[in-house]
Amino acid sequence: MISVNSEVRNIAIIAHVDHGKTTLVDNMFKQSGVLSENSRNQDSPDRVMDRMDLERERGITIAAKNCSVRWKGIKINIIDTPGHADFGGEVERGLSMVDGAIVLVDASEGPLPQTRFVLEKAMALNLPFIVCINKIDRKDARITEVKNEILDLLIDLDAPEEELDFKPLYAIGRDGKAFSDLENPKDDLSELFDRIVESIPAPMMDLTSPFQMMVSDLSYSDYLGRLAIGKIINGCVKNSDNLICISTEGRKPLRVSQLQTYNGLILTPAETVNAGDIIVLSGIEDVKIGDTICNADTADALPRLKVDEPTVFMKFSINDGPFNGKEGKYVQSSRIRERLMKEALQNVAIQVEEPDEKDSFIVKGRGEFQMAILIETMRRENYEFCVGRPQVTYKMVNGELCEPTEMLVIDCEETFMGVVTEKLSVRRGTLLNVETHSSDRVRLKFSIPSRSLIGYRDIFLTDTKGTGIMSSYFAGYEKYRGDFPMRFTGSIVADRLGKAVPYAIYNLEPRGKMFVQPGDPVYEGMIVGEHSKENDINVNICKEKKLSNMRAAGKDENVIITKIKPMTIERAITFIRDDEMVEITPLSIRLRKNILSSQKRHNMEAIKKKAENA
């Protein structure tokens, strides 16, 4: 008998990056009483859902996370999702557990690419959503215009007629306020909580059917082992039930050591949980996201979770340089493989392949930023390895080579419009639309190949003096648009093992921009700078000034070296060419050639030129 679990609501908070999702969730905790009960378990009362160090450092949400609050006796399970397009797989995974969503839109910036992406995903699952216009206290807020832009977006996405007649909530998430009437603002989030209870449908349940659950997330506990997280679709589950897991490899029996549910920010044990709620099963091994966990007498598996395919890939390999193993703890290919497979298990948007080449792996994902986060995470876990330049995945469609394209939205001052358009047109971008939002800022919309955006962000920030905002979303595969130069500079490459010397660096600075400081260890094949011309040059950066016993007439030349900009992972992986790699260790980020020996590189270049002239 089908009924509804009226005691539960499952909702995801989705939005573009930096539109205020996590701050709003903080105040939902405070006003529902969660933080006062669980504050002893939290390190900080602010941004409590950003539990990863990288999330707190960068101020963004990287992984979707579950929690719950209670309002008027009803349990509201909340999933805080990432706002960056590269982590779209986390959004798709989170939406598989909910019955509705809150779509948060900045009152000044309006709906941006990730807003479109998450709305499209929610509508594909027929999820009802609550529109909330946040940050209405901004001086540059455009509340009426943003509301109209949301309506235009819904029309563009072919939203059902009932969704077009939406009544938005207006919020100041930082202050914990949300209300539907601008003339009568409220000082709390009570209207938001009431709207969730009234507008988001209670999950359907059939207690007479056998237990079925979709695994939408995986975690790990030092005490309980692997944790399988998901929403109960049918039936109910008890601690003592005998369960099976239906995967792509067949059916496997399971022994559940503990059944838990979300209570605020913590997990609490439960004896019985009914359909519609989100649960955590402990002690389950060999389970993957998308598997169905059910009673032994259930024959059918639930439809597997599907996400958009990856468009970018990178090569990961062991560090075969002379400094191998000096700074990292885990350097073996077996360790790197184990870590990458673990990431692919927990992140549905990541795929790992093993090519024929020994000690290397191909990691596929949504974008170079997602790859950079994975690299930084592994680095902090004491892994040492090398990575190649991010590359896009091509397809053959009807005999034609096709490439992934992005819909790029640029928000910048009008004075920078010319240089932005010029740089993107060189990269095969097509300007589709220009909008003027204020007296001095414009919004530009481009269709551009995904490969064109690799390494462009730093150029864009330089061109707009740090005031521009760019964001994009995947728009599909289109016919290959042709080649274009990705980098107009070469590399300054060290020709021997040693340490960088101030005298050598000083004399090399006129040749380009240096990446190393005096005393930094270097080796043959290591990239120590960016050459101002297109070709690579081999240099002796360990060369010291020749001394003599003759006294100089005046003081020796005072060597003043330009301060270098610290190398970051994002900057490194987008700077290198196809014949270069980035050496990642817990302490260092070094650039290097794939082939370290300068003689071998010279011979290979000669063979290549001979083949071209033949």
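Structural data are supplied above this passage.
Being a predicted model, the structure only gives us computed values, none of them experimental. All residue numbers here refer to positions counted from 1 along the written sequence of the relevant chain. Selection of residues for local features in this predicted model requires a pLDDT of at least 70, selection of side-chain atom pairs for listing and counting requires 80 or more, and totals for whole chains, interfaces and linings are taken over all residues. Remark: hydrogens and water are excluded; side-chain values derive from all non-hydrogen atoms of the structure.

S.K.: Just to check I follow, could you spell out the pairing of strand 16 (residues 266-269) for this structure?
M.R.: As a general feature of sheets, a regular strand has side chains that alternate between the two faces. Note on pairing: DSSP must find at least two bridges between two strands before they are called paired. Runs of H or I in DSSP of at least four residues are treated as helices and runs of E of at least two as strands, each being numbered from the N terminus. Note: strand 15 (residues 258-263) against strand 16, four bridges, orientation antiparallel. If you follow Gln 260 over to strand 16, its bridge partner there is Pro 269. Counted along the chain from strand 15 to the antiparallel partner strand 16, the turn is two residues long, and its residue Gly 264 has a positive phi close to 70 degrees.

S.K.: What's the story with the sheet that holds strand 19 (residues 292-295) in this structure? I'm lost.
M.R.: Two pairing modes exist for strands in a sheet, parallel and antiparallel, and in both the strands are linked by backbone hydrogen bonds. Reading across from one edge, 14-13-19-10-11-18-15-16 is the order of the eight strands in this open sheet, with antiparallel pairing throughout. At either end of the open sheet lies a strand with only one pairing partner, and these are strand 14 (250-254) and strand 16. The average angle at which neighbouring strand axes cross in this sheet is 40 degrees, direction not considered. Pairing geometry for strand 10 (residues 212-221) and strand 11 (residues 225-234), over nine bridges, is antiparallel. By the bridge assignment for strand 11, Val 215 is matched with Gly 230. Every angle, taken between N-to-C directions, lies between 0 and 180 degrees, and every axis is a line fitted to C-alpha atoms, over only the stretch in contact when it is a helix.

S.K.: Which parts of the structure should I look at to understand the sheet that holds strand 2 (residues 8-15)?
M.R.: Strand order in this open sheet of seven strands is 3-4-2-5-6-7-8, and the pairing throughout is mixed. The open sheet has two edge strands with one neighbour each: strand 3 (65-71) and strand 8 (177-179). Mean inter-strand twist for the sheet, computed between neighbouring axes without regard to direction, equals 25 degrees. With six bridges connecting them, strand 2 and strand 4 (residues 74-80) associate as parallel partners. Looking across to strand 4, one finds that Asn 10 is bridged to Asn 77. Lying on the sheet, helix 5 (residues 113-124) is in contact with strand 2, strand 5 (100-106) and strand 6 (129-134); it crosses strand 2 at an angle near 150 degrees. The criterion used for residue contact is that any of the two residues' heavy atoms lie within 4.5 Å.

S.K.: Any chance you could explain the pattern of salt bridges here in plain terms?
M.R.: Pairing between side chains of opposite charge can happen when the charged atoms of each approach one another. Definition used for salt bridges: Asp or Glu carboxyl oxygen within 4 Å of a side-chain nitrogen of Lys or Arg. Enumeration according to the criterion identifies 41 salt bridges in this entry. Measuring nitrogen to oxygen at the nearest pair gives 3.0 Å for the salt bridge that ties Glu 149 to Arg 142. For Arg 142, a relative accessible area of 9% translates into the label buried. Among the ionic pairs, Glu 381 bridges to Arg 339, the shortest N-O distance being 2.6 Å. One end of the pair, Glu 381, is in the loop between helix 10 (368-380) and strand 23 (385-387); the other, Arg 339, is in helix 9 (residues 333-346), and 42 residues separate them in sequence. Relative accessibility decides the category of a residue: with a 1.4 Å probe and only protein chains considered, values under 20% of the type maximum give buried, values over 50% give exposed, and everything between is partly exposed. The exposure class of Glu 381 is partly exposed, given its relative accessible area of 32%. Overall, the relative accessible area of 7% leaves Arg 339 in the buried class.

S.K.: Just to check I follow, could you spell out the side chain of Arg 571 for this structure?
M.R.: Tracing the sequence through the fold places Arg 571 in helix 14 (residues 569-575). Other than its neighbours up to four places away in sequence, Arg 571 contacts Asp 458, Lys 513, Phe 515, Lys 565 and Pro 566.

S.K.: I keep staring at the packing of aromatic side chains and nothing clicks. Help me out?
M.R.: Where two aromatic rings form a pair, the distance of their centres and the angle of their planes describe that pair. Two aromatic rings from Phe, Tyr or Trp, using only the six-membered ring of Trp, form a pair when their centres are within 6.5 Å; if the ring planes differ by under 30 degrees the pair is stacked, by over 60 it is edge-to-face, and anything between is tilted. Within this structure, the stated rule accounts for eight aromatic pairs. Ring plane angle 15 degrees and centroid distance 5.6 Å describe the contact between Phe 316 and Phe 385, whose orientation is recorded as stacked. Here Phe 316, found in strand 20 (residues 312-317), pairs with Phe 385, found in strand 23; they are 69 residues apart in sequence, far enough to count as distant. With respect to class, Phe 316 is no different from Phe 385; both count as buried. For the pair Tyr 394 and Tyr 480, a centre-to-centre distance of 5.8 Å together with 70 degrees between the ring planes defines the contact as edge-to-face. Of this pair, Tyr 394 sits in the loop between strand 24 (391-392) and strand 25 (395-397) while Tyr 480 is found in the loop between strand 29 (469-479) and strand 30 (490-494), placing the two residues 86 residues apart along the sequence. In this structure Tyr 480 comes out as partly exposed when scored by relative accessible area, which is 25%. Positioned above the aromatic ring of Tyr 477, the side-chain terminus of Lys 395 is 4.7 Å from the ring centre. The rule is short: NZ of Lys or CZ of Arg within 6 Å of the ring centre and within 35 degrees of the ring normal puts a charge over the ring. Above the ring of Phe 575, the side-chain terminus of Arg 487 is found at 4.0 Å from the ring centroid.

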